[in-house]
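Here's the letter readout for the chains.
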Amino acid sequence: LEGLAAIDTLVFDKTGTLTDGAPRIAGIATFNGLTRQEAVAIAKALERDSRHPLARAFAQLPGDAESDIDIGQLRQTPGQGVEGVVDECTWRLGHAGFAAAGVEDAGHAVWLGDGQQPYARFDLAEQPRVDAAAAVRTLQAQQVAVELASGAGAEAVAAMAAPLGIDRFAARQTPEQKLGHVRALQRDGHRVAMVGDGINDAPVLAGADVSLAMGEGAALAQRAAHFVVTSGRLARLPQAIGIARRTRRVIRQNLTWAAAYNLLALPLA
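The rules behind these values
- Residues numbered from 1 in each chain as written.
- Predicted model: local features only at pLDDT ≥ 70, side-chain atom pairs only at ≥ 80, totals over all residues.
- Heavy atoms only, no water.
- Pairing = 2+ DSSP bridges.
- Helix = DSSP H or I, 4+ residues; strand = E, 2+ residues; numbered from the N terminus.
- Axes fitted to C-alpha atoms, helices over the stretch in contact; angles between N-to-C directions.
- pLDDT = per-residue confidence, 0-100.
- Salt bridge = Lys/Arg side-chain N within 4 Å of Asp/Glu carboxyl O.
- Buried < 20%, exposed > 50% of the residue type's maximum accessible area, 1.4 Å probe, protein only.
- Expected span 1.5 Å × (residues − 1).
- Arc of directions from axis to C-beta.
- Contact = heavy atoms within 4.5 Å.

Spatially, 6 strands are ordered S2-S7-S6-S5-S4-S3 in an open sheet, and the strand pairing comes out antiparallel. Edge positions in the open sheet fall to strand S2 (24–30) and strand S3 (72–77), since each of these has one partner strand only. Strand-to-strand twist in this sheet, taken as the mean axis angle between neighbours without regard to direction, amounts to 15°.

Structure representation (structure tokens):
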């Protein structure tokens, strides 16, 4: 609470934090001879055991053929995507540059590829939390600078930041870059709070002066954070800052009264 009362900058993650944590697949495009059914099956299999909010979007796609797909050598690259082997073929699902080298994507999509060639693109759609804009306005009224750092593409991040009134934002941020940005703010004398929900956010949550994790997010993020927002409402953030500042004010008042009392009482005694 003492640290929370002193913050002057708050950095948001996007997916599952500013958004409602329920992204959906808005469109699917396939390339290089892969069918839509095959692309969905492979993608669902790769995301089968993941707890990331994007995994829930794939789980909602129709079809259950992924249950018959044997995924081997499954490996997750933080901030990039997931990789696995199916029938001796390596598949990658994640950012464009991770799934298919050389492919650029400024929007909000998940790509399926072999590391070199793209085979499918899953366009994502997500909504900001219902109270996100109000929470940002309240934070700014509390003299807290609000920023957005996300691994999504530039267009998607800008489209999320603009209606919420967030002027400073960064796209295609890896976990290391997020942590580096927080460190840079700290070196400039700022007291920084970070809000996130995913496994990828754990390093920056641990590195911030104060960190808050969303209650429906990853357990690792919650363990790395100082606070867990259990209600899912972003309005709890400015409320928590207000409580922390009032608490600090009361403590200072108590210390002032105690000092004044002792200055008067001890000479009299």
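Now for the confidence of the model for the chain. Taken over all residues, the pLDDT of the chain has a mean of 87, while the share at 70 or more is 96%. Looking at the elements of the chain, mean pLDDT is at its lowest for helix H4 (residues 53–59), recorded as 76, and at its highest for strand S1 (residues 9–12), recorded as 96.

Moving on: the sheet that holds strand S9 (residues 168–170). Strand order across the open sheet formed by 6 strands is S9-S8-S1-S10-S11-S12, with parallel pairing between neighbours. This sheet does not close on itself; its edge strands, each paired only once, are S9 and strand S12 (227–229). Taking each pair of neighbouring strands and ignoring which way they run, the sheet shows an average axis angle of 20°. Here 4 bridges tie strand S10 (residues 192–196) to strand S11 (residues 210–214), and the two strands are oriented parallel to one another. Following the sheet pairing, Ala193 is matched in S11 by Val210.

To continue, consider the pattern of salt bridges. Tallied over the full model, the rule gives 8 salt bridges. Between Glu126 and Lys14 there is a salt bridge, with the nearest N and O atoms lying 2.2 Å from each other. Here Glu126, found in the loop between strand S7 (118–125) and helix H6 (132–141), pairs with Lys14, found in helix H2 (residues 14–18); they are 112 residues apart in sequence, far enough to count as distant. Lys14 carries the same exposure label as Glu126, and that label is buried. Among the ionic pairs, Arg191 bridges to Asp209, the shortest N-O distance being 3.7 Å.

The phi torsion at Asn32 lies on the positive side, around 55°, for a residue other than glycine. Looking at the secondary structure, you find Asn32 in the loop between S2 and helix H3 (36–46). You will see that Asp87, though not glycine, has its phi angle at about 50°, which is positive. Tracing the backbone through its elements, the reader meets Asp87 in the loop between strand S4 (81–86) and strand S5 (89–94).

Let us now look at helix H8 (residues 175–187). For H8, which comprises 13 residues, the first-to-last C-alpha distance of 18 Å matches the rise-based estimate of 18 Å (1.5 Å per residue) to within 8%. Within the span of H8, buried status applies to Pro175, Lys178, Val182 and Leu185. Take H8 and look down its axis: the buried residues cluster within an arc of 90°, on one side only. In H8, the exposed positions that point more than 90 degrees away from the buried face belong to Glu176 and Arg187. Of the surrounding secondary structure, the elements contacted by the buried residues of H8 are S1, strand S8 (145–149), S10 and helix H9 (202–207). Gly189 sits one or two residues past H8 and shows a positive phi near 95°.

Within H3, 8 of the 11 residues are buried, which leaves the element mostly enclosed by the surrounding structure. Regarding H3, the residues found buried are Ala39, Val40, Ala41, Ile42, Ala43, Lys44, Ala45 and Leu46.

Attention shifts here to the environment of Asp70. Its place among the elements puts Asp70 in the loop between H4 and S3. The class for Asp70 is exposed, based on a relative accessible area of 65%. Taking the C-alpha atoms as reference points, Asp70 and Ile42, separated by 28 residues in sequence, lie 9.7 Å from one another. Beyond its immediate sequence surroundings of up to four residues, Asp70 is in contact with Val85 and Val86.

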